[in-house]
Amino acid sequence: MDVEMRPMRPEDEPEAVEVSSAADTLFAEAGLILPPDDPRELFAHAEHTLVAIDPAAGRVRGLAATVTVDGCPHLEQLAVDPAHGRRGIGSALLEEVCSRARAAGHDAVTLTTFRDLAWNGPWYGQRGFDVLPRAVWGPGLTRLWGLETAIRVAPRVVMVRVLAG
């Protein structure tokens, strides 16, 4: 599916909330019950939120929100509307995040994710992310890991993708 990538605008927020909420249903279908969250809180603290817009419908189909952790872009959330999943939107968003990070002079992107869910840890692994050993976490990743205790309903990992020059 062809999508237009751009920074989220205020008028995109209602559709972005819908996409995030719809994407969260996949966890319940996989047997993981996550604590309730309000995506608007994420959007308020994210430093950058990209949206993938379906140009034919003019609607948000996916989003990627990032913050800075230990001086590095950290993917806080990547979500695609399940009705439009498996069409390359998530991969396109991820590549856009990495491309923008590289263009801004960063040499890596980090994230935390569920280790064993096919569309989490293994999916990121197929896209160049590796598990980052705890021994090399900075203070920000360590703090974030502690804050994520509530969503540790299944094994999680910290991952990194080193960005080529």
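The preceding data block contains the structure.
Please read all numbers here as calculations on a predicted model, not as lab measurements.

With that settled, the discussion passes to the overall build of the protein chain. Scanning the protein chain from N- to C-terminus turns up 5 helices and 7 strands. The linear arrangement of helices and strands in the protein chain, starting from the amino end, is β-α-α-β-β-β-α-β-α-β-α-β. The C-alpha atoms of the protein chain give a radius of gyration of 15 Å, which matches the 15 Å a tight globule of 165 residues would have. Seen through its C-alpha atoms, the protein chain measures out along the principal axes to roughly 45 × 40 × 30 Å. Considering only intrachain contacts with a sequence separation of at least 6, the fraction spanning at least 24 residues in the protein chain is 69%.

In this structure, Ala154 sits in the loop between helix H5 (139-147) and strand E7 (156-162). What makes Ala154 buried here is its relative accessible area of 19%. Separated by 55 residues in sequence, Ala154 and Ser99 have C-alpha atoms that sit 30 Å apart. Excluding residues within four positions of it along the chain, Ala154 makes contact with Leu32 and Phe114.

Turning our eyes to something else, we now look at the sheet that holds strand E4 (residues 72-80). Taken in spatial order, the 7 strands line up as E1-E2-E3-E4-E5-E7-E6 in an open sheet, and their pairing is mixed. Either end of the sheet is taken by a strand with one partner, and the two such strands are strand E1 (4-7) and strand E6 (130-131). For strand E2 (residues 48-54) and strand E3 (residues 59-69), the ladder comprises 7 bridges, and the chain directions are antiparallel. Paired with Asp54 across the bridge in E3 is Arg59. Here helix H3 (residues 89-103) sits on the sheet and contacts E1, E2, E3, E4, strand E5 (108-114) and E7; the angle it forms with E4, its principal contact strand, is near 165 degrees. Here H5 sits on the sheet and contacts E3, E4, E5 and E7; the angle it forms with E7, its principal contact strand, is near 150 degrees.

Right, let's talk about helix H1 (residues 13-29) for a bit. When the terminal C-alpha atoms of H1 are compared, their 25 Å separation across 17 residues agrees well with the 24 Å that a helix rising 1.5 Å per residue should span. Those residues of H1 that sit buried are Glu15, Ala16, Val17, Val19, Ser20, Ala23 and Phe27. Where the residues of H1 are buried, they touch helix H2 (39-45), E3, E4 and E5. Positive backbone phi, approximately 90 degrees, marks Gly31, located one or two places after H1.

Thresholds, definitions, all that
- Residues numbered from 1 in each chain as written.
- Predicted model: local features only at pLDDT ≥ 70, side-chain atom pairs only at ≥ 80, totals over all residues.
- Heavy atoms only, no water.
- Helix = DSSP H or I, 4+ residues; strand = E, 2+ residues; numbered from the N terminus.
- Rg over C-alpha atoms; globule rule 2.2 N^0.38 Å.
- Contact = heavy atoms within 4.5 Å.
- Buried < 20%, exposed > 50% of the residue type's maximum accessible area, 1.4 Å probe, protein only.
- Pairing = 2+ DSSP bridges.
- Axes fitted to C-alpha atoms, helices over the stretch in contact; angles between N-to-C directions.
- Expected span 1.5 Å × (residues − 1).

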